[in-house]
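Survey of secondary and tertiary structure
Here is what each chain is made of, one letter per residue.
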Amino acid sequence: HPEPGAPARSDFARDFLWGCATSSYQIEGAAAEGGRVESIWDRFAATPGKVRDGSSGAVACDHYHRWPEDMDIARDMGLNAYRFSIAWPRVMPGIGAAPNQEGLDFYARLVDGMLERGIQPWATLYHWDLPQYLQERGGWAERDTVQRYLEFVDAVTRRLGDRVQHWITHNEPWCTAILGNYEGVHAPGLADFGTALQVCHHVLLSHGKAVPLIRANVAAARVGISLSLHPLRAASDSAADRAAMERHDGLRYRWFLDPLHGRGYPAATLEQVGAAAPVVHEGDMAAIAVATDFMGVNYYFPETVADAPGHAPLDARVLPPPAGAETTAMGWEVAPQGLGELLGRIHADYAPQELYITENGSCYDDEVQADGSVNDAGRRRYLARHLGAMKDAIAAGVPVKGYFAWSLVDNFEWAEGYLRRFGLVHIDYDTQQRRLKESGKWYRAFLRQPD
Ligand code: GBH
């Protein structure tokens, strides 16, 4: 199935990375095996009303046991990189306890499995599964959690540093902070803006302090962070909507990118958040501004922002997609040009040496046909068009060096449970059967083109 206007692999550099991404809690299952302890997501999912279908990641894709099959699929698709995350509760069973060797062994086997298949491992160190025992002590709102994170990172990078060169300290700190601690729609399900900003500060600080630690443990380490970002539009040309967009931008984009690039928290936003501003110790901002090797960008859709007096915290509101816009089953707008806009802006504002699309993907209500095929034409087209937008961004001078589709397999979509599918590979949750969707076949064909 050719996609009209889609680029060819040969339009990209020979050493360009082509991958898929996943995260531990969303795919592993085996929640009570291998010495793993409870995470905040186990607790949150067990709380009635938090996950839409009442499900959890207890079994998920059973990747913990089925990873060889999953890595075979990744190799057969032609991926040369794979982004996964490491579950802190598998590695650190308690405060003061020694690292759990069984947990580390699992990731060592997984990484060796990738290397044997010619797949470069990209390890994310935090994709939202904080040990519950740390949440009992205040979680990320507590400064001590930074220290606990560093112990975890130390254990992991000592064990895997001889075979994993690429490390992502955090996945989407905005989600950790705001969805988890202000909107309360993700674990730990809190709803306090000051807590959320303190969480955010400690997450950024833990990133900054982890970078030199990773470099100390890993020869030729390449370290970065992945942010969830949206290009923004104002709902109208009115001064009020444009000002609302600026306020939203201050918290959604600059609150992360400015401190990571040595500019501190944006002054206007600091003023707007008032008493909710985080406690910052001397030296914190310098630690956060540590030089990294790349910026990871997770892009899904653009946001339209309107002035909304009284809409906490910043009198601004994100509107649904414009009437007539093409959307996915999540209701998210399909806007490939938004990826180009976003990349161009980051490049213009901060010029990171290298950029990677560490997530990009779409959700559709996929159904297995009688012949076993899954015809996800929408996702195939989404993928093809976003690769096209990425090609254009590179031609315009943005140093994008790799692309990871979200996701390798359907998985536990957080508060949406198993109702939402993002995989290039379909999972039958009754049988755990894997089936390459049409989108996955398209990606495979794209990757098999002569480069
Ligand atoms: C990613 O987050 C995650 O890293 C990944 O684990 C997840 O499975 C994947 O996307 C698909 O969702 O949430 O109502 O406030 C994407 C994060 C989703 C963050 C949309 C902002 C805005 C709407 N973004 N979200 S809402």
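Residues numbered from 1 in each chain as written. Predicted model: local features only at pLDDT ≥ 70, side-chain atom pairs only at ≥ 80, totals over all residues. Heavy atoms only, no water.

1. A word on the overall build of the protein chain
Under the convention used in this document: Secondary structure elements are defined from DSSP: runs of H or I of at least 4 residues count as helices, runs of E of at least 2 residues count as strands, and each element is numbered from the N terminus. Our radius of gyration looks at C-alpha atoms and nothing else; its globule reference is 2.2 Å times the residue count to the power 0.38. Burial classification: accessible surface area is computed with a 1.4 Å probe over protein chains only, and a residue below 20% of its type maximum counts as buried, one above 50% as exposed, and the rest as partly exposed. The contact criterion used throughout is that any non-hydrogen atoms of two residues lie within 4.5 Å.
When you go through the protein chain residue by residue, the secondary structure sums to 15 helices and 13 strands. Expected size for 451 residues packed as a compact globule is a radius of gyration near 22 Å; at 21 Å, the protein chain falls within 12% of this value. Counting only C-alpha atoms, the protein chain reaches 60 × 55 × 45 Å along its principal axes. For the protein chain, with 451 residues in total, the buried portion stands at 60%. Contacts in the protein chain between residues far apart in sequence, at least 24 positions, make up 78% of those at least 6 positions apart.

2. Some thoughts on the site of the ligand
What counts, and what does not: Put simply, a residue is near a molecule or strand once any heavy atom of it comes within 4 Å of that molecule or strand. Any pair of N or O atoms that falls within 3.5 Å is considered a polar contact. Within protein, one atom must be able to donate a hydrogen and the other to accept it, and sequence-neighbouring residues count only if both atoms are side-chain atoms. Only the protein chains shown count as cover for residues, and the accessible areas themselves come from Shrake-Rupley with a 1.4 Å probe. The residue classification treats Ala, Val, Leu, Ile, Met, Phe, Trp, Tyr, Cys and Pro as nonpolar and Asp, Glu, Lys and Arg as charged. All others, Gly included, are polar.
Every one of the 20 residues lining the ligand counts as a neighbour, but Gln 26, His 127, Glu 172, Glu 413 and Trp 414 are closest to it. Within the side chain of Gln 26, one N or O atom sits 2.8 Å away from an oxygen atom of the ligand. Coverage of the ligand by the protein chains reaches 81% of its 570 Å² of free accessible surface. Of all the elements, helix α8 (residues 173–181) adds the most residues to the shell around the ligand, at three residues. Class assignment for the residues of the shell around the ligand results in 10 nonpolar, five polar and five charged.

3. Re the sheet that holds strand β1 (residues 17–21)
The condition is simple: Pairs of strands are assigned from DSSP output, requiring at least two bridges between the strands. A fitted line through C-alpha atoms represents every axis, and for helices the fit uses only the stretch in contact; the resulting angles, taken between N-to-C directions, go from 0 to 180 degrees.
If you walk around this closed barrel you meet the eight strands as β1-β2-β3-β4-β5-β7-β10-β11, and the pairing is parallel. Each strand axis lies, on average, 25° off the axis of its neighbour in the sheet, ignoring direction. One ladder, built from six bridges, connects strand β5 (residues 222–229) with strand β7 (residues 294–299); its direction is parallel. Across the sheet, Ile 225 pairs through a bridge with Met 295, a residue of β7. Lying on the sheet, helix α15 (residues 438–448) is in contact with β1 and β11 (400–406); it crosses β1 at an angle near 160°.

4. Concerning the pairing of β7
Across the six residues of β7, six count as buried, placing the element largely inside the fold. Of the two faces of β7, both are covered, the one formed by Phe 294, Gly 296 and Asn 298 as well as the one formed by Met 295, Val 297 and Tyr 299. As judged from the four bridges shared by β7 and strand β10 (residues 355–359), these two strands associate in the parallel manner. Bridge pairing in β10 places Gly 296 opposite Tyr 356.

5. Considering the packing of helix α10 (residues 239–260) against helix α13 (residues 336–350)
Threshold: Roughly parallel covers angles under 35 degrees, roughly antiparallel covers those over 145, roughly perpendicular covers 65 to 115, and oblique covers all other angles. Take the far helix as your reference; a near helix turned counterclockwise from it by less than a right angle gives a left-handed crossing, and one turned clockwise gives a right-handed crossing.
At a minimum axis distance of 12 Å, the contact between α10 and α13 shows a crossing angle of 50°. With respect to α13, the element α10 is oriented oblique. With respect to the hand of their crossing, α10 and α13 are arranged in right-handed fashion. Side by side, α10 and α13 meet where Asp 249, Tyr 253, Arg 254, Leu 257 and Asp 258 of the first sit next to Leu 342, Arg 345, Ile 346, Asp 349 and Tyr 350 of the second.

6. Points about the state of the cysteines
For clarity, the cut-off: Cysteine sulfur atoms are paired as a disulfide whenever they fall within 2.5 Å.
For the coordinates displayed, the defined rule picks out zero disulfides. Counting only cysteine sulfurs, Cys 61 is the nearest neighbor of Cys 20, a cysteine outside any disulfide, at a range of 13 Å.

7. Some points on the sheet that holds strand β8 (residues 303–307)
Strand order across the open sheet formed by three strands is β6-β8-β9, with mixed pairing between neighbours. Both edges of this open sheet fall to β6 (232–234) and β9 (316–319), since each of them pairs with a single strand only. Strand-to-strand twist of the sheet, defined as the mean angle between neighbouring strand axes without regard to direction, takes the value 35°. Relative to β9, β8 is paired through four bridges, and the arrangement is antiparallel. Bridge pairing in β9 places Ala 306 opposite Arg 317.

8. Overview of the pattern of salt bridges
Short version of the rule: Every case where a carboxyl oxygen of Asp or Glu lies within 4 Å of a side-chain nitrogen of Lys or Arg is listed as a salt bridge.
Under the definition given, this model contains 38 salt bridges. With a shortest N-O distance of 3.7 Å, Arg 43 and Glu 136 are connected by a salt bridge. Here the residue Arg 43 occupies a position in helix α2 (residues 40–45), and Glu 136 occupies one in the loop between α6 (132–135) and α7 (144–160), the gap between them amounting to 93 residues. The class of Arg 43 is partly exposed, set by a relative accessible area of 38%. You can call Glu 136 exposed: its relative accessible area is 53%. Glu 354 is the partner of Arg 222 in a salt bridge, and the nearest nitrogen-oxygen pair spans 3.0 Å. One end of the pair, Arg 222, is in strand β5; the other, Glu 354, is in the loop between α13 and β10, and 132 residues separate them in sequence. Each of Asp 366, Asp 376, Arg 379, Asp 410, Arg 421 and Lys 437 takes part in one network of salt bridges that share partners.

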